[in-house]
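# Architecture and fold: a report
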Amino acid sequence: MSSLSGIGSELNDESGKPIWKNRVESWKEKKNEKKASAKKAAAKAQAPPVEEQIMDEKDLTDAYEPLSRIIPISKNKLTPYRAVIIMRLIVLGLFFHYRITNPVYSAFGLWMTSVICEIWFGFSWILDQFPKWCPINRETYVDRLIARYGDGDDSGLAPVDFFVSTVDPLKEPPLITANTVLSILAVDYPVEKISCYVSDDGSAMLTFESLAETAEFARKWVPFCKKYAIEPRTPEFYFSQKIDYLKDKIHPSFVKERRAMKRDYEEYKVRINALVAKAQKTPEEGWIMQDGTPWPGNNPRDHPGMIQVFLGETGARDFDGNELPRLVYVSREKRPGYQHHKKAGAMNALVRVSAVLTNAPYILNLDCDHYVNNSKAVREAMCFMMDPTVGRDVCYVQFPQRFDGIDRSDRYANRNVVFFDVNMKGLDGIQGPVYVGTGCCFFRQALYGYGPPSLPALPKSSICSWCCCCCPKKKVERSEREINRDSRREDLESAIFNLREIDNYDEYERSMLISQMSFEKTFGLSSVFIESTLMENGGVPESANPSTLIKEAIHVISCGYEEKTEWGKEIGWIYGSVTEDILTGFKMHCRGWRSIYCMPVRPAFKGSAPINLSDRLHQVLRWALGSVEIFLSRHCPLWYGYGGGRLKWLQRLSYINTIVYPFTSLPLIAYCCLPAICLLTGKFIIPTLSNAATIWFLGLFMSIILTSVLELRWSGIGIEDWWRNEQFWVIGGVSAHLFAVFQGILKMIAGLDTNFTVTAKATDDTEFGELYVFKWTTVLIPPTTILVLNLVGVVAGFSDALNSGYESWGPLFGKVFFAMWVIMHLYPFLKGLMGRQNRTPTIVVLWSVLLASVFSLLWVKIDPFVGGTEPVNGTNCNTVIC
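Since the structure is predicted, the reported quantities are computational estimates derived from the model, not experimental observations. (Residues numbered from 1 in each chain as written. Predicted model: local features only at pLDDT ≥ 70, side-chain atom pairs only at ≥ 80, totals over all residues. Heavy atoms only, no water.)

## As for the overall build of the protein
For the protein, the count of helices and strands is 30 helices and 13 strands. For the protein, the residues scored as buried account for 53% of the 882 residues in total. Roughly 40,000 Å² of accessible area belongs to the protein as shown, and the carbon and sulfur atoms make up 58% of that amount. (Helix = DSSP H or I, 4+ residues; strand = E, 2+ residues; numbered from the N terminus. Buried < 20%, exposed > 50% of the residue type's maximum accessible area, 1.4 Å probe, protein only. Areas by Shrake-Rupley, 256 points an atom, 1.4 Å probe, with all protein chains shown as cover.)

## Structural notes on the UniProt feature "transmembrane region" (unreviewed entry) in the protein
The UniProt record annotates "transmembrane region" (unreviewed entry) at residues 79-98, 104-127, 660-680, 692-710, 730-750, 771-792, 812-830 and 842-862. Strand forms 0% of residues 79-98 and helix 100%; the C-alpha atoms that close the span are 29 Å apart. Between the first and last C-alpha atoms of residues 104-127 the distance is 29 Å; the span itself is 83% helix and 0% strand. (UniProt positions renumbered as here; feature names shortened; annotations may be inferred.)

## Remarks on the UniProt feature "binding site: UDP-alpha-D-glucose" (unreviewed entry) in the protein
In the UniProt entry, the feature "binding site: UDP-alpha-D-glucose" (unreviewed entry) is given for Ser165, Lys171, Glu172, Asp201 and Lys342. Structurally, Ser165 is set in strand β3 (residues 160-166). Apart from residues lying up to four places away in sequence, Ser165 is in contact with Ser199, Lys343, Met347, Leu366, Asp367 and Cys368. Within the secondary structure layout, Asp201 lies in the loop between β4 (194-200) and α7 (205-228). (Contact = heavy atoms within 4.5 Å.)

## Points about helix α20 (residues 580-590)
Within α20, 11 of the 11 residues are buried, leaving the element largely enclosed by the surrounding structure. For α20, the set of buried residues is Glu580, Asp581, Ile582, Leu583, Thr584, Gly585, Phe586, Lys587, Met588, His589 and Cys590. Remark: Gly592 follows α20 within two positions and exhibits a positive phi of approximately 105°.

## Notes on the nonpolar core
Grouped together as the largest cluster of nonpolar side chains are 212 residues, with contacts concentrated most on Trp221, Leu327, Met382 and Val397. Broken down by element, this core gets its largest block of residues, 12 residues, from α7. Setting aside its immediate chain neighbours within four residues, Met382 contacts Leu67, Leu145, Ala158, Val160, Tyr189, Tyr362, Asp387 and Cys441. (Core = buried A, V, L, I, M, F, W, Y, C linked by side-chain atoms within 4.5 Å.)

## Some thoughts on helix α10 (residues 342-357)
Under the 1.5 Å per step criterion, the end-to-end length of α10 is 23 Å for 16 residues, consistent within 8% with the ideal 22 Å. With 14 of its 16 residues buried, α10 lies for the most part within the structure. Positive phi appears at Asn359, one or two residues downstream of α10, with a value of about 55°. (Expected span 1.5 Å × (residues − 1).)

## A look at the confidence of the model for the protein
Averaged over every residue, the pLDDT of the protein is 79; the share at 70 or more is 76%. Contacts from residues 16-24, a stretch scored under 50 in pLDDT, to residues over four places away or in other chains number 20 contacts. Below pLDDT 50 for its whole length, residues 458-500 participates in 79 contacts with residues either more than four positions away or in separate chains. (pLDDT = per-residue confidence, 0-100.)

## Regarding the sheet that holds strand β10 (residues 402-403)
In spatial order, the strands read β8-β13-β10; together these three strands make up an open sheet with mixed pairing. The sheet is open, and its two edges are formed by β8 (370-372) and β10, each paired on a single side. As paired strands, β8 and strand β13 (residues 605-607) are joined by three bridges and run antiparallel to one another. In the sheet register, Tyr371 faces β13, and the bridge partner there is Lys606. (Pairing = 2+ DSSP bridges.)

## Thoughts on unusual backbone geometry
With omega at -10°, the peptide bond leading from Glu231 into Pro232 counts as cis. At Ser203, a position not held by glycine, the phi torsion is positive, near 45°. Relative to the elements of secondary structure, Ser203 occurs in the loop between β4 and α7. Taking relative accessible area as the criterion, Ser203 reaches 1% and is therefore assigned buried. Positive phi, close to 60°, is recorded for His341, a residue that is not glycine. Within the secondary structure, His341 is located in the loop between β6 (326-331) and α10.

## A closer look at the sheet that holds β6
Across a sheet, strands are paired by hydrogen bonds formed along the backbone, either parallel or antiparallel in direction. One open sheet holds the eight strands; their spatial order is β5-β6-β4-β3-β7-β11-β9-β12, and the pairing between them is mixed. Single-partner strands in this sheet number two, and they are β5 (306-311) and β12 (594-597). Neighbouring strand axes in the sheet, compared pairwise and without regard to direction, differ in orientation by 20° on average. Examined bridge by bridge, strand β7 (residues 362-367) and strand β11 (residues 440-443) share four bridges and lie antiparallel to one another. When the sheet's bridge partners are listed, Ile363 is paired in β11 with Phe442. (Axes fitted to C-alpha atoms, helices over the stretch in contact; angles between N-to-C directions.)

## Considerations on the packing of helix α5 (residues 142-149) against helix α11 (residues 377-385)
Taken N-terminus to C-terminus, the directions of α5 and α11 make an angle of 70°; their axes are 9 Å apart at the nearest point. Looking at the two axes, α5 sits roughly perpendicular to α11. Taking contact as the criterion, the partners of Val142, Leu145 and Ile146 in α5 are, on α11, Arg379, Glu380, Met382 and Cys383. When grouped by side-chain class, the residues that make up the contact of α5 with α11 number five nonpolar, no polar and two charged. (Parallel < 35°, antiparallel > 145°, perpendicular 65-115°, else oblique. Nonpolar A, V, L, I, M, F, W, Y, C, P; charged D, E, K, R; others polar.)

## Notes on the side chain of Asp407
Among the secondary structure elements, Asp407 is positioned in the loop between β10 and α12 (417-428). Of the side chains with opposite charge, Arg411 lies nearest to the buried Asp407, which makes no salt bridge, at 5.1 Å. (Lys, Arg positive; Asp, Glu negative; His and termini not counted. Salt bridge = Lys/Arg side-chain N within 4 Å of Asp/Glu carboxyl O.)

## Structural notes on a nonpolar patch on the surface
Residues Ile86, Ile90, Leu94, Ile695 and Trp696 make up a contiguous nonpolar surface patch of roughly 440 Å² in combined accessible area. Secondary structure elements with two or more residues in the nonpolar patch: α3 (75-101) and α24 (691-715). Ranked by residue count, the leading element in the nonpolar patch is α3, at three residues. The topology assignment puts Leu94 in helix α3. (Patch = residues over 30% accessible without salt bridge, like charges linked within 9 Å, V, L, I, M, F, W, Y side chains within 5 Å.)

## Description of the environment of Phe108
Take Phe108: it is sitting in helix α4 (residues 108-129). C-alpha of Phe108 to C-alpha of Ile685: the two residues are 577 residues apart in sequence and 8.2 Å apart in space.

## A few points about the environment of Ala676
In this fold, Ala676 is placed in helix α23 (residues 665-681). Placed 110 residues apart in sequence, Ala676 and Ile786 show a C-alpha to C-alpha distance of 8.5 Å. In this view, Ala676 contacts Leu789 and Asn790; residues no more than four positions away in its chain are not counted.

## What about the packing of aromatic side chains?
For the structure on display, the rule yields 47 aromatic pairs. Seen in terms of ring centroids, Phe108 and Trp111 are 5.2 Å apart; in terms of plane orientation they differ by 45°. Their pairing is tilted. Remark: Trp111 and Phe108 occur in helix α4; sequence separation between them is three residues, near one turn of the helix. Its relative accessible area of 36% is what places Phe108 among the partly exposed residues. For Trp111, a relative accessible area of 5% puts it in the buried group. (Phe/Tyr/Trp six-rings, centres within 6.5 Å; stacked < 30°, edge-to-face > 60°.)

## Examining the pairing of β6
Counting buried residues along β6, six of its six residues qualify, which places the element largely inside the surrounding structure. Burial of β6 is two-sided: the residues Arg326, Val328 and Val330 facing one way and the residues Leu327, Tyr329 and Ser331 facing the other way are all buried. By the bridge criterion, five bridges tie β5 to β6 in an arrangement that is antiparallel. What sits directly across from Gln308, in β6, is Tyr329.

## Brief notes about the packing of α3 against α24
Between α3 and α24, the shortest axis-to-axis distance is 8 Å and the interhelical angle comes to 150°. As summarised for this structure, α3 and α24 are arranged roughly antiparallel, according to the angle between their axes. The element α3 and its partner α24 pack so that their crossing is left-handed. Considering only residue class, the contact of α3 with α24 consists of 17 nonpolar, four polar and five charged. (Left-handed = near helix turned anticlockwise from the far one by under 90°.)

## Considerations on the state of the cysteines
In total, this model carries zero disulfides according to the counting rule given. With no disulfide of its own, Cys598 lies closest to Cys383 among cysteine sulfurs, the gap being 7.8 Å. Of the residues examined, Cys598 reaches a relative accessible area of 2% and is grouped as buried. (Disulfide = S-S within 2.5 Å.)

Okay, structure coming up:
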């Protein structure tokens, strides 16, 4: 394995300009001079045609144009939207004033509960609404990127390391992971600048063998994709799509080669399926490799670290004789007694391995079920990252998540259109979108805890708990204080100057200086890795011995490597929550970085999502539990990251909303039970409305409707997507979010940890077959109980009205409308309970009917929210004007 040469380290000269930039500029000047002289000699030999001269001028012009631009939302759409938000805020204040000053004494408990719930809903709306104040769109120019950096073997495009993570091959089928890897290897990007690292956190021999088969099939698939510009470049979805695959294809041999490739892929699938079938039953003696030695990962909780390079510079070439991107299998070491931090720990292991082997300046991570749908996705990201006017302070470029295999009506809002097409656009106009865990291109230096280069270092007075200790200057300050607290600033500057001259030292002096600066306390005991962290433009350190790189890579994924370091605390993926993505992005934004939201016309990546009710709720439960864990940790945005003022206040509001939304489940459940209670007790939460109160109510309803309509107008999403989002907000709120709150509190108080299992990917061969798969889970009981309660309440209300006469129908209307609001929001949940055969598990029905019956009888018997005080001023509490 050969090493890649680095360009320089992130060190500053006397003027504050990084030395590596001076070296790169001088190197570029010399290179340009050579190119210019070569071009002049060629021009003398043969003058190019006029058309080529025009094209050269055009390319030169494109090379100096911006690589992207911001497309602001039209003022005709945005101004009314903001005006309605302000109007709604004012009306909301007047509405709360009326509700608080007009209690319902005959049902004081019900009234008080409803007012508390409504105030919380108003607070939640503010947190969700105002981060959408400045939405923007962006556009990229890939042709200008090519004109500026080239597109051949000598291209100036930056290298990119892809990360793919998987755990259990029986729940995450190897064929899905293999298609993701194949789509990465075939991206439209220089092959020598692409490396794919696959993390097998389950140490499964099935994953290893399937990856070996994938590497062999890639030798055929990659050249086929690039020759015929195939989209998407994942064979499973390319061959299954129902489109005219001959469109725009003019090569006469395309049909013949496509048929041959499809046959090769089917044979490849059979081989993968055979491996999966063999892996269903583990031998008593454990798995044996082809050479007869036991598989090192037979015990997934106690095994050494494993690395295997399948493709790359020294690996197999494709069938056309061309080089293929590097493909690396990684399984980090695991031993009993060590905390491994699940996905976040696996990602940090990949960061270190890739830094030792390739050290690309950019990292793009994908889940194993998210494939590259747009072969130019990497170029789209580089339009931001490599643009000097934009990418200087960009820590990551986030792409929206798009999904295959979702039912046409999107019953459980799996597409998350409102979040990805509304909320994320709003954040892009502030400090950037949040990191959502996949489909994200990182600047490696930002993961190491460095701050953005355009911002000055924080003064000593403003250094707080969130400041990273891995900044070189801060490390020198701390080391000097430990050595001599009374040393002068000149001594500190002298130490920094020595650091700037690090390239002039020999290997021993360099290692001594790094040790002096306590880099080991931050990054761990690996000199090769530490040197790589100082190289902003990437590349393996020149001092690294190519023959020992694999040994060094094994060392950095050992189970004890992170002990007494800053991994997971200040650098890399941050530990402390099952949703490590939120924490990781939050820490970067606190340091002053910004992020970019990139939405190409053709979706960059696509993946799969759980479309059945039980798996979807467990997915939402995991996300909500992660938010609760952050809320109860030191990283809570309510009090974390105020030093230096680098996190914008609207961005902070967004992060606060991200971690408090699960607690909305408590008032939401109470509010959804109120209509049933009102119908069963004959009371209501609103007194007779005066003319002024009627105006406030109508104004609030109109402002809610107008806000939604104008939001749909500027975002371009459909009303059906918006309604599905509203429905699932209620469904998730009264089920998964409630369980997440209690589990999070129990984890903090009693230390009870929750082990989430990997969601099994779709295996039903029928179209949307997984939609009807029903799995029993206790999360289903609360929403089912609420449904039964409201249905019983509606029946009881109509029965009472029929017995009481005409006068009782007026008060009944408001209560029934309230109950129907709850039922309509829970309707997709009701359909999910029915399943394909409209049958519900008996246990769910029994528990829900039992709880609803007991609850109803208690209310009828004790009637706790009904007071003995008569309404004042002759108010009739059973009448409501809508």
